[in-house]
Amino acid sequence: MTQDQLKQAVARAAIDYIKPKLFNDSIIGVGTGSTANFFIDFLNEIKGHFAGTVASSEASAARLKKHGIDVLDCNSVSELVVYVDGADESNAHLQLIKGGGAALTQEKIVCALAKEFICIADGSKWVDVLGKFPLAVEVIPMARSYVARELVKLGGAPVYREGVITDNGNIILDVHNLQIIDAIAMETALNQITGVVTNGLFALRPADVLLLGTNDGVKTIRA
Ligand code: 5RP
């Protein structure tokens, strides 16, 4: 199967997984990226089964609206039945690297409201140790150089993501050369750097369930 077919398979599996959990008043949190896009397209088929969504990016909001699916303001919602999103890497604890699409901050906010976080990913995202995929850090623009120097002190090699401004008006530094053994400690340390808005590690709040697409089918993995 191609990577896109695996992404489609996990997006379909996520629909099957969440459908029994939905009520007429349920609100679903929706992630960002190509795997999340497949999920959005399949969500269209069951849009009579829930009340609306909260999106983690302008791009996902636009795609949801194109399907006629309601997108609510995050501030008007106190709880999401589930949050469904992709990832760039997952380890066996379901700690993730996310942010390849620069939506990490809003992804973390939407995820924080969810009772259950379902990660959907093709098998290439499964790793023993997080860090081969560069870790995105969202930074207030005037702090870019300072934060970059601090990231070097933590052992990383930050690279400015040229031409990218996040939905929050900030810039992204992609941190290369990390081997993240203690993901909670790393996430916490990065959050302490002045000027950092957030970082792409989801370790303090890992996924609850990973639907992983492989050539042997979709595996359901719990931490
Ligand atoms: C966006 C993300 C995405 O979930 C992550 O980059 C995976 O993307 P894709 O589904 O396209 O492989 O974190 O900020």
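J.: Pulling in residues and values, what's your account of the pattern of salt bridges?
T.: One pass over the full model with this rule turns up 11 salt bridges. One salt bridge connects Glu 107 with Lys 98, and the closest N-O pair in it is separated by 3.1 Å. The buried category is assigned to Lys 98, whose relative accessible area is 2%. Connected through salt bridges with shared partners, the residues Asp 85, Lys 98 and Glu 107 form a single ionic network.

J.: Give me the lowdown on the sheet that holds strand β4 (residues 89-90), citing residues and values where you can.
T.: The strand order across the open sheet formed by three strands is β4-β5-β11, and the pairing between neighbours is antiparallel. Edge positions in the sheet fall to β4 and β11 (201-202), since each of these pairs with one other strand and no more. In this structure, β4 lies alongside strand β5 (residues 96-97), joined through two bridges in antiparallel fashion. Within β5, the residue paired with Glu 89 across the bridge is Ile 97.

J.: Give me the site of the ligand: which residues, what numbers.
T.: Of all residues adjacent to the ligand, which total 17 residues, the nearest are Ser 34, Thr 35, Asp 88, Gly 99 and Lys 125. One of the side-chain N or O atoms of Thr 35 is found 2.6 Å from an oxygen atom in the ligand. In isolation the ligand offers 370 Å² of accessible surface; the protein chains occlude 91% of this area. Counting atoms within 2 Å of the grid points, the majority share of the ligand lands in the largest pocket. Considering only residue class, the shell around the ligand consists of three nonpolar, eight polar and six charged.

J.: Report on the pairing of strand β7 (residues 135-139), specifying residues and quantitative values.
T.: Of all the five residues making up β7, five are buried; the element is thus mostly covered by neighbouring parts of the structure. Burial along β7 is two-sided: Leu 135, Val 137 and Val 139 and Ala 136 and Glu 138, pointing in opposite directions, are all buried. Pairing geometry for β7 and strand β9 (residues 171-176), over five bridges, is antiparallel. Bridging across to β9, Leu 135 finds its partner in Val 175. Judged from the three bridges that link them, β7 and strand β10 (residues 196-199) form a sheet pairing that is antiparallel.

J.: Please give an account of the pairing of strand β3 (residues 82-85) that cites residues and values.
T.: Burial along β3 is two-sided: Val 82 and Val 84 facing one way and Tyr 83 and Asp 85 facing the other are all buried. The sheet contact formed by strand β1 (residues 27-30) and β3 spans three bridges and is parallel. Following the sheet pairing, Val 30 is matched in β3 by Val 84. Judged from the three bridges that link them, β3 and strand β6 (residues 117-122) form a sheet pairing that is parallel. In the strand pairing of β6, Tyr 83 is matched with Phe 117.

Reading the values: the criteria
- Residues numbered from 1 in each chain as written.
- Predicted model: local features only at pLDDT ≥ 70, side-chain atom pairs only at ≥ 80, totals over all residues.
- Heavy atoms only, no water.
- Salt bridge = Lys/Arg side-chain N within 4 Å of Asp/Glu carboxyl O.
- Buried < 20%, exposed > 50% of the residue type's maximum accessible area, 1.4 Å probe, protein only.
- Pairing = 2+ DSSP bridges.
- Helix = DSSP H or I, 4+ residues; strand = E, 2+ residues; numbered from the N terminus.
- Near = heavy atom within 4 Å.
- Polar contact = N/O pair within 3.5 Å; in protein donor to acceptor, adjacent residues only side chain to side chain.
- Areas by Shrake-Rupley, 256 points an atom, 1.4 Å probe, with all protein chains shown as cover.
- 1 Å grid on protein atoms, 1.4 Å probe; cavity = no way out; pocket = protein on both sides within 12 Å on 5 of 7 lines; lining within 4 Å.
- Sits in = over half its atoms within 2 Å of the grid points.
- Nonpolar A, V, L, I, M, F, W, Y, C, P; charged D, E, K, R; others polar.

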